[in-house]
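The residues making up each chain are set out below.
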Amino acid sequence: MRTRELARAALFAALIAICSWISIPTAVPFTLQTFAVFLALGVLGGRLGTLSVAVYLLLGAVGLPVFAGFQGGLGALLGTTGGYLAGFLLTALTVWGAERRLGKSAPVFLVSCLLGLALCYLFGSVWFAAVYAAASGPVGLVTVLGWCVFPFVLPDLTKLALAVVLSRRLAAALARRTA
């Protein structure tokens, strides 16, 4: 990898961290973390976007407070919502795989992000149910979806739509700047 690519990947890892600290107060508050993951993948592409997500997760794993609520450390990754954090990596890998097989068109990006988001929800929900059951007793999957997925579907779809529009413009500007 070139230095410029590594710098961009690091910059987007930092952006994901910053966006995880931004909480939008609604009935169920949400962060802009997912938006930043989608934006990194859209601007950098699957390979470098996945690297950005991996760096972000590694920074959190070593204890830096890069996760929502200024959390960090293995406790955050192994806690009830850690599966959703790991799910970001599944999302990134899904986008990267689709990009390698089908190209970088906007429809491919959009569909692969939707599929990646669904995998993130699935992995995170199963993880949540398992960790919650170990600590507090069994919980039904529908209950977990009601707590952890349903309130976030519309905000996440909105963040994805915004990321698609912005990433196309930013990627084009970066391409002109480096040409």
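Reading the values: rules and limits
Residues numbered from 1 in each chain as written. Predicted model: local features only at pLDDT ≥ 70, side-chain atom pairs only at ≥ 80, totals over all residues. Heavy atoms only, no water. Core = buried A, V, L, I, M, F, W, Y, C linked by side-chain atoms within 4.5 Å. Buried < 20%, exposed > 50% of the residue type's maximum accessible area, 1.4 Å probe, protein only. Helix = DSSP H or I, 4+ residues; strand = E, 2+ residues; numbered from the N terminus. Contact = heavy atoms within 4.5 Å. Phe/Tyr/Trp six-rings, centres within 6.5 Å; stacked < 30°, edge-to-face > 60°. Salt bridge = Lys/Arg side-chain N within 4 Å of Asp/Glu carboxyl O. Polar contact = N/O pair within 3.5 Å; in protein donor to acceptor, adjacent residues only side chain to side chain. pLDDT = per-residue confidence, 0-100. Axes fitted to C-alpha atoms, helices over the stretch in contact; angles between N-to-C directions. Left-handed = near helix turned anticlockwise from the far one by under 90°.

### Quick word on the nonpolar core
Side chains of nonpolar character tend, in soluble globular proteins, to be buried together. Membership of the largest hydrophobic core comes to 42 residues, with the highest contact counts inside it found for Val-53, Tyr-56, Leu-57, Phe-67, Leu-85 and Val-144. Breaking this core down by element, the ones donating at least two residues are helix H1 (3–21), helix H2 (33–61), helix H3 (74–78), helix H4 (82–102), helix H5 (106–136), helix H6 (141–148) and helix H7 (153–178). With 13 residues, the single largest contributor to this core is H2. Setting aside chain neighbours within four positions, we find Tyr-56 in contact with Ala-13, Ile-16, Ala-17, Ser-20, Gln-33, Val-66, Phe-67 and Leu-85.

### Topic: the packing of aromatic side chains
Counting across every chain of the model gives six aromatic pairs. Judged by centre distance (6.0 Å) and plane angle (75 degrees), the ring pair of Phe-128 and Trp-147 falls under edge-to-face. Of this pair, Phe-128 sits in helix H5 while Trp-147 is found in helix H6, placing the two residues 19 residues apart along the sequence. Since its relative accessible area comes to 8%, Phe-128 is described here as buried. Note on Tyr-132 and Trp-147: the rings are 5.4 Å apart at their centroids and 65 degrees apart in plane angle, and the pair reads as edge-to-face. Remark: Trp-147 occurs in helix H6 and Tyr-132 occurs in helix H5; sequence separation between them is 15 residues. One aromatic cluster is present, built from ring pairs that chain together Phe-128, Tyr-132 and Trp-147.

### A short note on the pattern of salt bridges
Scanning the entire structure with this criterion turns up two salt bridges. For Arg-47, the salt bridge is made with Glu-5, and the minimal N-O distance between the two is 3.2 Å. On the criterion of sequence distance, the pair formed by Arg-47 in helix H2 and Glu-5 in helix H1 is long-range, its members being 42 residues apart. By relative accessible area, Glu-5 is classed as buried at 19%. Between Asp-156 and Lys-159 there is a salt bridge whose closest N-O contact spans 2.9 Å.

### A closer look at the side chain of Asp-156
For Asp-156, the location among the structural elements is in helix H7. Taking the relative accessible area as the measure of exposure, Asp-156 reaches 5% and is therefore buried. Polar contacts involving the side chain of Asp-156 include one to the side chain of Tyr-121, which spans 2.5 Å. Residues within four places of Asp-156 in sequence aside, it is in contact with Thr-34, Phe-38, Leu-117 and Tyr-121.

### Considerations on the confidence of the model for the protein
Averaged over every residue, the pLDDT of the protein is 95; residues scoring 70 or more account for 99%. The weakest mean pLDDT in the protein belongs to H7 at 91; the strongest belongs to H4 at 98.

### What about the packing of H1 against H2?
Where H1 meets H2, the axes come as close as 8 Å, and the angle between the chain directions of the two elements is 145 degrees. Handedness of the crossing formed by H1 with H2: left-handed.

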